[in-house]
Amino acid sequence: MMLPVIGILLGDAAGIGPEIVSRLFETDELLRYCRPILIGDRRILEWGMKISGTTFPLQEIETPSQAQWPGAVPFIDRKNLDPSQITLGQISAISGRVTGEMLVYALQLCTKGQLAGFAFAPYNKAAMEYGGYPLLEKGKSIFARHLNWDKPFDELNVIGDLWTARVTSHIPLKQVSEHLSLKRIKRVIGLTFETLKRAGFENPRLAVAALNPHGGEDGLCGREEIEIIGPAVEAARAEGLPVSGPFPADTLFVMAMKGRFDGIITLYHDQGQIALKMMHFGKVVTVLGGLPYAITTPAHGTAFDIAGKGVADPEGMKQAVIIASRMARWRKDPGEGT
């Protein structure tokens, strides 16, 4: 099978993106997984190379079809950001605008069949909002808007071979229970199953977390497990999905770390995030599951506090590229034959 063509974006230039991306090309290791194409402003990339102390030759191209591997790294220079316009470690509307432009450009390359997907260094939500590229607009994400995508998709987080999804995300904790429903939980179970299948799991083993302490103690400590979560799991099992639960969250991740499950569905944001980031903060990857292309990013954020210091760990970015490549290889995607 021909390796997929995967775009690699520099992310918000005021953060650690340019330096961690540049460190990916100290060796040819990525060529084991994909045919990578760097996308961004050459001045910003060279800025990142200087910070990280790396250097490598670039093969400037205008479209992915011109790229050649192995050799100098194929690079599409968008010529859209002068480093003098931003300050490292500070929110910048200019950098946010360019970050948004790069995401949209990469999405366009995917829809044209020139990329199988892409991994992007972290963005800053506020910077993108100030720059005119809000992540959410009228309830629709920037990815769905520019892909004209109306089917369900959501974020999953990955570390190693353990994948997690969540039923609710960026809402107050006191609102979690009212946002749980049989339909919503079933949808996330199905999305998680399909995403793991795409990532190469033949029959992924899934588990759903409980919401309440000790799984609700048979209703003594909450009834969501009895009235909503349990019935959703049973309904998914009746449709043939390999899922079990609900399990108390404090023991579920212990079982998962021992290899019992491949995917975990949590009920709220921090229920899974804390567990994964305690395992190895720098290696956690966010996957946009359900989209027609493989799109990933490190989960650690822009790290403004250490931007420009040359100490940022590129491992999360590397894993994001590897997972995007892995997902793109398991079915015939646009970009495979580019």
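Look up: the structure comes first, before these words.
Now for a quick tour of the structure.

## A short note on the packing of helix 6 (residues 182-198) against helix 7 (residues 224-238)
- Across the interface, helix 6 lies against helix 7 with an axial gap of 9 Å and an inter-helix angle of 50 degrees. Between helix 6 and helix 7, the angle falls in the class oblique. Where helix 6 crosses over helix 7, the handedness of that crossing is right-handed. For the pair helix 6 and helix 7, contact is made by Leu182, Ile185, Lys186 and Ile189 and by Ile228, Ile229, Pro231, Ala232, Val233, Ala235 and Ala236, respectively.
- Of the residues contributing to the contact of helix 6 with helix 7, the split by class is ten nonpolar, no polar and one charged.

## Looking at unusual backbone geometry
- A cis amide bond links Trp69 with the next residue in sequence, Pro70, at an omega value of -10 degrees.
- Within the secondary structure, Pro70 sits in the loop between strand 3 (58-60) and strand 4 (73-77).
- Put simply, Gly245 and Pro246 share a cis peptide bond, and its omega is 0 degrees.
- You can see Pro246 is positioned in strand 11 (residues 243-247).
- In this structure, Asn148 takes a positive phi of about 50 degrees despite not being glycine.
- Mapped onto the elements, Asn148 comes out in the loop between helix 5 (142-147) and strand 8 (154-159).
- Judged by relative accessible area, which is 65%, Asn148 ranks as exposed.
- The residue Asp218 is not glycine, and still its phi comes out positive at about 55 degrees.
- Among the structural elements, Asp218 can be located in the loop between strand 10 (206-209) and helix 7.
- For Asp218, a relative accessible area of 69% translates into the label exposed.

## With respect to the nonpolar core
- Ranked by size, the top nonpolar core spans 109 residues in total, and within it Leu38, Phe118, Phe143 and Trp163 carry the most contacts.
- The element best represented in this core is helix 3 (residues 93-111), accounting for nine residues.

## Quick word on the pattern of salt bridges
- Per the counting criterion, the structure on display carries 14 salt bridges.
- We note a salt bridge from Arg205 to Asp262, for which the minimum N-O separation is 2.9 Å. Of the two residues, Arg205 sits in the loop between helix 6 and strand 10 while Asp262 sits in the loop between helix 8 (249-257) and strand 12 (263-266), which places them 57 residues apart along the sequence.
- Judged by relative accessible area, Arg205 falls into the partly exposed class, the value being 35%.
- Residue class for Asp262 comes out buried when judged on its relative accessible area of 11%.
- Across the pair Glu227 and Arg223 runs a salt bridge whose closest N-O atoms are separated by 2.8 Å.
- Salt bridges sharing partners connect three or more residues here, namely Glu29, Arg32 and Lys318.

## Quick look at the sheet that holds strand 11
- Within the open sheet, the twelve strands sit side by side as 3-4-2-1-5-14-13-8-9-12-10-11. Their pairing is mixed. The outermost strands of the open sheet, each flanked by one partner alone, are strand 3 and strand 11. The sheet shows a mean angle of 25 degrees between the axes of neighbouring strands, taken without regard to direction.
- Contacts between helix 7 and the sheet are confined to strand 10 and strand 11, with strand 11 contributing the most and set at about 170 degrees to the helix.

Cut-offs applied
- Residues numbered from 1 in each chain as written.
- Predicted model: local features only at pLDDT ≥ 70, side-chain atom pairs only at ≥ 80, totals over all residues.
- Heavy atoms only, no water.
- Axes fitted to C-alpha atoms, helices over the stretch in contact; angles between N-to-C directions.
- Helix = DSSP H or I, 4+ residues; strand = E, 2+ residues; numbered from the N terminus.
- Parallel < 35°, antiparallel > 145°, perpendicular 65-115°, else oblique.
- Left-handed = near helix turned anticlockwise from the far one by under 90°.
- Contact = heavy atoms within 4.5 Å.
- Nonpolar A, V, L, I, M, F, W, Y, C, P; charged D, E, K, R; others polar.
- Buried < 20%, exposed > 50% of the residue type's maximum accessible area, 1.4 Å probe, protein only.
- Core = buried A, V, L, I, M, F, W, Y, C linked by side-chain atoms within 4.5 Å.
- Salt bridge = Lys/Arg side-chain N within 4 Å of Asp/Glu carboxyl O.
- Pairing = 2+ DSSP bridges.

Interpretation note: all reported values are geometric properties and have no functional meaning in isolation.
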